[in-house]
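Residue strings, one per chain:
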Amino acid sequence: MDVVRPRLQAFAAEMLGSLKRRDQRAKGELYLRGLMLDGKRKSMQPMAERLGVDHQQLQQFVSSSTWDYTEVRRRVARWAAAHIAPEAYAIDDVGFPKDGYDSPGVARMYCGALGKRGNCQIAVSVNLVSDTASSAVDWRLFVPENWDDAKNSDDELLAGAIRRRRARAGIPDQVRHRERWRLALDMLDEVREEWELPDLPVVADAGYGDATGFRQGLTERGLVYAVAVKGSTTCHPGDAVPQRPAYSGQGRPPGAAYQQPHTTLRALALAAGHRSARTVTWRHGTKTTKNNPHAAMRSRFIALRVRPANRTIRRAADGSLPDCWLLAQWPPHTAEPTDYWLSTLPADTPLRELVRIAKIRWRVEHDYRELKDGLGLDHFEGRSYLGWHRHATLASLAQAFCTLLRLDPKVPAPA
């Protein structure tokens, strides 16, 4: 830290430049140092002890001071867009196990950190990502229905208890329950329209890809995507054409419809057969073996044009459903594909590029470990909605600084 601190001070001054008061900028740089110093726990008191300060300084800065974390995020996002050459927006979420019930948004939900349902908070993030780096540039804390009094208005006693609970956690009145995929779309609107970041392909796991509304929302915004889905997702083959039955002359003329019932992505992949799969190397990892000295990340893939079938998907005037790519990973020596994606990348996209973009989420999953374990993202012990968002913003800023060091071949200390 002594070696890189001058550079950290310069970076913090740039990213925290929107904070109007000098003491706020100083405390922001102090908090960043606390997140990056050695030590397992990055909650207020342990950080203060390592820094040699009163933890009330950090507590006041994060929980009750007057500064706008949105502007800090905007600066981090623009820095990341300029320095890591992002190739996609990766949507992801992360769970934070909790013991009590007063932390904002805490509820019994599936938590990836636990591998099961448990008491936790869940946050959704938008990440700028390339094969060499990622940056979490925007965050939303998920508010479950049992934290929204408007969703429980038929029971006034319960609604009143929820309002008091929200007030203790400082949840703003305009913040209501929204599905995670809607939070993701809200953040994409913010980073592209308000922060003026470029349009990029969107990647996400099946928790988002299986939501038809999410995929349609991306298309409505002019964004292409490569999102994981379940093999049971319904579809028609790409060459299927709707037909209009002959009109009998009575009643309303029938609309065009597909004559064959829809099938599933899994069925179409199996019908194409294992022999239609092609071997693709999408990147090189770090774990070499005798049989793989270059650590090539390699598998076999099938790419087919399909038309996802769902009654909520908008059809063209001729009754046809929009077509897109089905990408299925079918490793050697397996009886069927193991993973599926739907993608609206152009129809002439080479298979290797299709696979590379679909797989680029690996970087976020890798860097989340740094955010959570190394930089204390999940160590926040406060019970304030505002405090959580400020802490997440500063953890993302700390990660951005580590990325800055990592990308610089002349840096005098490892990141």
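What you see is a predicted model, and the numbers here were worked out from it, not measured in a lab.

The number of helices and strands found in the protein is 13 helices and 12 strands. For 415 residues, the compact-globule estimate of 2.2 N^0.38 gives 22 Å, and the C-alpha radius of gyration of the protein, at 24 Å, lies within 12% of that figure. Seen along its three principal axes, the alpha-carbon backbone of the protein occupies a region of about 80 × 65 × 40 Å. Taking all 415 residues of the protein together, the buried fraction comes to 52%. Counting contacts in the protein only where the partners sit at least 6 residues apart, residues at least 24 apart contribute 65% of the total. For the protein, the accessible area works out to roughly 20100 Å², and carbon and sulfur atoms hold 49% of it.

Residue position: A271 is located in helix α10 (residues 265-272). Under the relative-accessibility criterion, A271 is labelled exposed at 65%.

Bringing the state of the cysteines into the picture now. Following the criterion strictly, the structure yields zero disulfides and no others. Here C111 stays free of any disulfide, with the sulfur of C120 as its closest cysteine sulfur at 4.3 Å. Judged by relative accessible area, C111 falls into the buried class, the value being 0%.

Here we come to the packing of aromatic side chains. Inspection of every chain in the model, using the stated rule, returns nine aromatic pairs. The interplanar angle of 80° and the centroid separation of 5.5 Å between the aromatic rings of F11 and W79 together place this pair among those described as edge-to-face. Linking F11 in helix α1 (residues 5-15) with W79 in helix α5 (residues 69-83), this pair joins segments that are 68 residues apart in sequence. Pair check on accessibility: F11 and W79 agree, each one buried. A ring pair is formed by F61 and W67, whose centres lie 4.9 Å apart and whose planes are at 10°; its orientation type is stacked. Take F61 and W67: they sit in the same class, and that class is buried. Among the aromatic residues, those joined into a ring-pair cluster are F96, W139, Y368 and W388. Across the ring face of F142, the terminal group of R180 is positioned such that the distance to the ring centre comes to 5.1 Å. Above the plane of the ring of W325 lies R305, whose end atom (NZ or CZ) is 4.8 Å from the centre.

Okay, the pairing of strand β12 (residues 339-343) next. A regular strand carries its side chains on alternate faces of the sheet. Of all five residues that make up β12, four are buried, and the element is covered over most of its length. Bridge count between strand β6 (residues 225-229) and β12: four bridges; the pairing is antiparallel. Within the sheet, the bridge partner assigned to V229 lies in β12 and is Y340. Inspection of the sheet shows strand β11 (residues 324-329) paired to β12 by five bridges, in the antiparallel sense. Looking across to β12, one finds that L326 is bridged to L342.

Time to look at the nonpolar core. Soluble globular proteins: nonpolar side chains tend toward being buried together. Of all hydrophobic cores here, the largest spans 119 residues; its most connected members are I91, W139, F214 and L394. Setting aside anything within four residues of it in sequence, one finds I91 in contact with V124, S125, V126, A184, L188, V202, V203, A204, D205, Y208, F214 and R361. Core analysis: the second largest hydrophobic core is formed by five residues, A240, Y258, A309 and I313 among them.

On to the pattern of salt bridges, then. One side chain can pair with another of opposite charge once the charged atoms of both are near each other. In the structure shown here, the tally under the stated rule is 36 salt bridges. A salt bridge links E336 to R266; its shortest N-O distance comes to 2.9 Å. With a gap of 70 residues between them, E336 in the loop between β11 and β12 and R266 in helix α10 connect regions that are remote in the sequence. What makes E336 partly exposed here is its relative accessible area of 28%. Residue R266 is classed as partly exposed on the basis of its relative accessible area of 37%.

Each value, and the rule that gives it
Residues numbered from 1 in each chain as written. Predicted model: local features only at pLDDT ≥ 70, side-chain atom pairs only at ≥ 80, totals over all residues. Heavy atoms only, no water. Helix = DSSP H or I, 4+ residues; strand = E, 2+ residues; numbered from the N terminus. Rg over C-alpha atoms; globule rule 2.2 N^0.38 Å. Buried < 20%, exposed > 50% of the residue type's maximum accessible area, 1.4 Å probe, protein only. Contact = heavy atoms within 4.5 Å. Areas by Shrake-Rupley, 256 points an atom, 1.4 Å probe, with all protein chains shown as cover. Disulfide = S-S within 2.5 Å. Phe/Tyr/Trp six-rings, centres within 6.5 Å; stacked < 30°, edge-to-face > 60°. Lys NZ or Arg CZ within 6 Å of the ring centre and 35° of its normal. Pairing = 2+ DSSP bridges. Core = buried A, V, L, I, M, F, W, Y, C linked by side-chain atoms within 4.5 Å. Salt bridge = Lys/Arg side-chain N within 4 Å of Asp/Glu carboxyl O.

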